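One letter stands for each residue in the lines below.
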Amino acid sequence: MKKVYLVGAGPGDLDLITVKGLKAIQQADVILYDRLINQELLNEAKDHAELIYCGKSPDRHSLKQEDINDLLCKFALQGKVVTRLKGGDPFVFGRGGEEAEALANQQIPFEIVPGISAGIAAPAYAGIPVTHRDYSSSVAFISGVSKVGVDQEEYWGHVVKSMDTLCIYMGVSKLPEICERLLRHGLLAGTPIALIEWGTTERQRTITGTLEDIVQKAHDMKNPSMIVVGEVVRLRKKLQWYEQLRVDEGQLVSSI
Ligand SMILES: C[S@@+](CC[C@H](N)C(=O)[O-])C[C@H]1O[C@@H](n2cnc3c(N)ncnc32)[C@H](O)[C@@H]1O
C-alpha cells in the first residue's frame, strides 16, 4: 500500500502552489483533480501518470464524493502513489476532511498538503488585507451554502456581532439574501463589500460597493467569486496592485 497526498493547489495563480504540493504532483502515479485547480499544474505530472477529472462545479458533480473516496482507496490499495489535487486548501470547504476520513477508515496512509485558500488569496490580490490593526482583528471564513450554520438566523446574528471581516465562499448566487441577512442583523447599509471573481488569475475582476448597492453593481458576477465584507474593503482604493500591475506592464501574470 502506498500513500495518498491530499493537496491544496492554491487559488488559481500557477505559482501559488506550495513546493510540497508540486512534489506530490511530480511523484504521483494517479492524480484526481478538481475543476478549480490551474490545469497547467498537470503538466508537472509524470509521463504515464493517470489523470482523473473529478469536476465539482456547483451545479454538476462529475464524480460523486463517495466515488472519489472509493477511487482514492482503490488506487492506494493497488500500491500507487495517489495525489488528490483540490482548489485552494483541501480542508477549507474542500471536503478534504471526508476524504481523509475515508482513508483513515481503511488504515491507508495519507498526508495533507495545505494550500492557499481563496479566502486569503483573492482579497490579497484585490488589495484587501483581511485583518488590519486599525480596522479588523478577526476574520471568519463562511460558506454561502452548507449543511451547518448558514440557514440559521441565530448563526448570522452571531457572526455579525463577533467578526470584523467576513469572507464568504460559494455565496455569489445568493448575494441578495446574504446582504439582506447582514442588514437584518445590524450591519449598516454603508458597510463596504467586495466581490472578487476568479481571484489571482488573469481573469480576476473585482467589484466594490456597500451592502445597499452591491447587488445591482455585481449583478453579472459569477462563480467562482469571493465575497468580502467589512471596513478592510476600503483599503482596496489605496492598495489594489494586481489589476494595476497587469495594466502597467501589459502582462497577465506577476513578474515574481
Ligand atoms: C468548494 S469551495 C472550495 C474552496 C477551496 N478549498 C479554497 O480553500 O479556496 C469553492 C468556492 O471557493 C471560492 N473560490 C475558489 N477559487 C476562487 C478564486 N480563484 N477566486 C474567488 N473565489 C474563489 C468561491 O467562492 C467558490 O465558489
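Residues numbered from 1 in each chain as written. Predicted model: local features only at pLDDT ≥ 70, side-chain atom pairs only at ≥ 80, totals over all residues. Heavy atoms only, no water.

- As recorded in an unreviewed UniProt entry, the protein chain goes by Uroporphyrinogen-III C-methyltransferase and comes from Planococcus lenghuensis.
- The record in UniProt for the protein chain states the following under Sequence similarities (unreviewed entry): "Belongs to the precorrin methyltransferase family." (UniProt positions renumbered as here; feature names shortened; annotations may be inferred.)

**Observations concerning the packing of helix α5 (residues 153–162) against helix α6 (residues 175–184)**
Part 1: Two elements in contact, α5 and α6, have axes whose closest approach is 9 Å; the angle formed by their N-to-C orientations is 70 degrees. Here α6 runs roughly perpendicular to α5, going by the angle between their axes. Viewed along their axes, α5 and α6 form a crossing whose handedness is right-handed. Between α5, through Glu153, Trp156 and Val160, and α6, the contact on the second element is made entirely by Ile178, Arg181, Leu182 and Arg184.
Part 2: Along the lines of polarity and charge, the residues of the contact of α5 with α6 split into 4 nonpolar, no polar and 3 charged. (Axes fitted to C-alpha atoms, helices over the stretch in contact; angles between N-to-C directions. Helix = DSSP H or I, 4+ residues; strand = E, 2+ residues; numbered from the N terminus. Parallel < 35°, antiparallel > 145°, perpendicular 65-115°, else oblique. Left-handed = near helix turned anticlockwise from the far one by under 90°. Contact = heavy atoms within 4.5 Å. Nonpolar A, V, L, I, M, F, W, Y, C, P; charged D, E, K, R; others polar.)

**Examining helix α2 (residues 65–77)**
Owing to its 3.6 residues per turn, the α-helix aligns residues three or four sequence positions apart on the same side.
Part 1: The end-to-end C-alpha distance of α2, which contains 13 residues, comes to 18 Å, matching closely the 18 Å that a straight helix rising 1.5 Å per residue would cover.
Part 2: Where α2 is concerned, the buried positions are Gln65, Ile68, Asn69, Leu71, Leu72, Cys73, Phe75 and Ala76.
Part 3: Of the surrounding secondary structure, the elements contacted by the buried residues of α2 are β1 (4–8), β2 (30–34), β3 (50–55), β4 (82–86) and α3 (96–105).
Part 4: In the stretch just after α2, Gly79 is the one whose phi turns positive, near 90 degrees. (Expected span 1.5 Å × (residues − 1). Buried < 20%, exposed > 50% of the residue type's maximum accessible area, 1.4 Å probe, protein only.)

**Observations regarding the side chain of Gln204**
Part 1: Within the secondary structure, Gln204 sits in the loop between β8 (192–197) and β9 (205–210).
Part 2: Classification of Gln204 by relative accessible area gives buried; the value is 6%.
Part 3: Within polar-contact distance, the side chain of Gln204 engages the side chain of Glu243 at 3.3 Å. (Polar contact = N/O pair within 3.5 Å; in protein donor to acceptor, adjacent residues only side chain to side chain.)

**Topic: the side chain of Ser143**
Part 1: Tracing the chain through its elements places Ser143 in strand β6 (residues 139–143).
Part 2: Overall, the relative accessible area of 5% leaves Ser143 in the buried class.
Part 3: There is a polar contact of 2.5 Å between the side chain of Ser143 and the backbone oxygen of Val145.

**With respect to the site of the ligand**
Part 1: Residues in contact with the ligand amount to 18 residues; listed here are only the nearest, Val92, Ser117, Ala118, Gly199 and Ser225.
Part 2: Contacts to the ligand include Ser117, whose side-chain N or O atom sits 2.7 Å from an oxygen atom.
Part 3: Note that an oxygen atom of the ligand is positioned 2.8 Å from one of the backbone N or O atoms of Met170.
Part 4: In the complex, 89% of the free accessible area of the ligand, which totals 570 Å², lies under the protein chains.
Part 5: A class-by-class count of the residues in the shell around the ligand yields 11 nonpolar, 6 polar and 1 charged. (Near = heavy atom within 4 Å. Areas by Shrake-Rupley, 256 points an atom, 1.4 Å probe, with all protein chains shown as cover.)

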